[in-house]
Amino acid sequence: MSAVRTVLGDVPGGELGVCDAHDHLFFASPRLPGEELNDAAAARAELTAFRERGGGTVMQWTPYGLGRRAADLPGLSRETGVHVVAATGLHQGVHYAEETLAALRGRLADVFVGELTRGIGTSGVRAGLIKVAGGFHALDAHARWTMSAAAEAHHATGAPIAVHLELGTGALDVLDLLCGELEVPPDHLILGHLNRAPDAMTHRLAARSGCWLAFDGPSRGNHATDWRMPDAVRDLAEAGFGDRLLLGGDTTTASARSVDGGPGMPYLLRRVAPRLALAVGDDLVRRILTENPARAFAVTWR
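Attention in this report is confined to the structure presented alongside it. None of these values were measured; they are calculated from a predicted model.

What counts and what doesn't
- Residues numbered from 1 in each chain as written.
- Predicted model: local features only at pLDDT ≥ 70, side-chain atom pairs only at ≥ 80, totals over all residues.
- Heavy atoms only, no water.
- Buried < 20%, exposed > 50% of the residue type's maximum accessible area, 1.4 Å probe, protein only.
- Helix = DSSP H or I, 4+ residues; strand = E, 2+ residues; numbered from the N terminus.
- Contact = heavy atoms within 4.5 Å.
- 1 Å grid on protein atoms, 1.4 Å probe; cavity = no way out; pocket = protein on both sides within 12 Å on 5 of 7 lines; lining within 4 Å.
- Points joined across faces, edges and corners; volume = space filled by probe spheres on them.
- Nonpolar A, V, L, I, M, F, W, Y, C, P; charged D, E, K, R; others polar.
- Core = buried A, V, L, I, M, F, W, Y, C linked by side-chain atoms within 4.5 Å.
- Pairing = 2+ DSSP bridges.
- Axes fitted to C-alpha atoms, helices over the stretch in contact; angles between N-to-C directions.

Further remarks concern helix H8 (residues 229-238). Along H8, the residues classified as buried are Met229, Pro230, Ala232, Val233, Asp235 and Leu236. Those residues of H8 that are buried are in contact with helix H7 (200-208), strand S10 (212-216), strand S11 (245-248), helix H9 (266-280) and helix H10 (282-289). Backbone geometry just after H8 places Gly240 at a positive phi near 95°.

Next up, the structure:
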């Protein structure tokens, strides 16, 4: 039986409801000083606001070493009635101190497997996905190291792999490595941030592989491509790939939370979904928010 591994335990994919397929309740990186997501009360308020808009599940893509606060996630899920899925994995090298990365050499896949099967630290909270990252139009040695470990952990556990594509680039290189060389089944791979590089040909080629395409992170001032996203989704739907699409919010800074005056998680349902429905119809948007993530994140766990 396939299931989604939430912070409260495994649940059938059909129980997710409306899903934010990529977001963050907690996140802290030296690349974003002063913008840490580290306030449990604000996280609770953000989840509540998402729930009030009809949200049912949030996939938190915050990986190892970036302030996941895994022990806080079960309580927040219970209090708000929103399913939460935690992540293991590793982001780009620039987000970490060298000593942190050095301590993981030779054991990265084991760390991922442990967090997926036994729990994150002493929290007992098991991760439900592996998050890794590429670079801008390239896969450097760090990306290849982390993706190789992610593939090894996938083969050991069945966990889905979610990939941060830097500014939406490098999708085909990621597919060549993970699904080609490392033999990860494409239907267990989620490519994130494709909205940031609205290249219709790359989108179609990626979709043909059978992987999942995530359009996540709207309303960002540093990549003003929101206006092109409905056309990109419509192009993929008309090409027959509507059943491979996901939507997410990717709130990574305190100022972007709705409770701090930004768009936050509710924006996905308050603005993005209605606008997208004008381009592709209510039924497809419903499926992208419910049926597609139910299939993308539900796996047969080993």
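Read on, since the account is not over.
Approximately 770 Å³ is the volume attributed to the largest pocket. Lining the largest pocket are 37 residues; nearest its centre among them are Leu32, His95, His164, Arg196 and Arg220. Broken down by secondary-structure element, the contributors of at least two residues to the lining of the largest pocket are strand S7 (129-133), helix H5 (141-157) and H9. When the residues that make up the lining of the largest pocket are grouped by side-chain class, the tally is 11 nonpolar, 19 polar and seven charged. Approximately 170 Å³ is the volume attributed to the second largest pocket. Mapped onto the lining of the second largest pocket, the elements with two or more residues apiece are S10, H8, S11 and H9. Per-element accounting of the lining of the second largest pocket gives the leading share, six residues, to H9. Broken down by class, the residue content of the lining of the second largest pocket amounts to nine nonpolar, two polar and four charged.

Turning to the nonpolar core, a few remarks are in order. Judged by nonpolar contacts, the single largest core of 82 residues is most densely connected at Val163, Leu178, Leu191 and Phe215. In contact with Phe215, other than residues within four places in its own chain, are Leu194, Asn195, His203, Met229, Ala232, Val233, Leu236, Leu245, Leu246, Leu247 and Gly248. Core analysis: the next-biggest nonpolar cluster, separate from the first, contains 18 residues, Leu16, Ala87, Leu246 and Ala296 among them.

So, on to the sheet that holds strand S8 (residues 161-164). Judged by pairing direction, the sheet is parallel, and its six strands sit side by side in the order S6-S7-S8-S9-S10-S11 without closing on themselves. At either end of the open sheet lies a strand with only one pairing partner, and these are strand S6 (87-89) and S11. Between one strand axis and the next, the sheet turns through 30° on average, direction left out of account. As defined by bridge partners, S8 adjoins strand S9 (residues 189-192) across four bridges and the pair is classed as parallel. Among the inter-strand pairings, Ile161 is bridged to a residue of S9, identified as Leu189. Packed on one face of the sheet, helix H4 (residues 108-117) meets S6 and S7 and runs near 170° to S6.

Take the sheet that holds strand S3 (residues 18-23) next. Paired through their backbone hydrogen bonds, the strands of a sheet run either parallel or antiparallel. Taken together, three strands build an open sheet; the order of strands is S3-S4-S5 and the sheet is parallel. The open sheet terminates on both sides in strands that have one partner only, identified here as S3 and strand S5 (83-85). Put simply, the sheet's adjacent strands are angled 15° from each other on average, direction ignored. Across the sheet, helix H1 (residues 40-52) is in contact with S3, strand S4 (55-60) and S5; its angle to S4 comes to roughly 140°.

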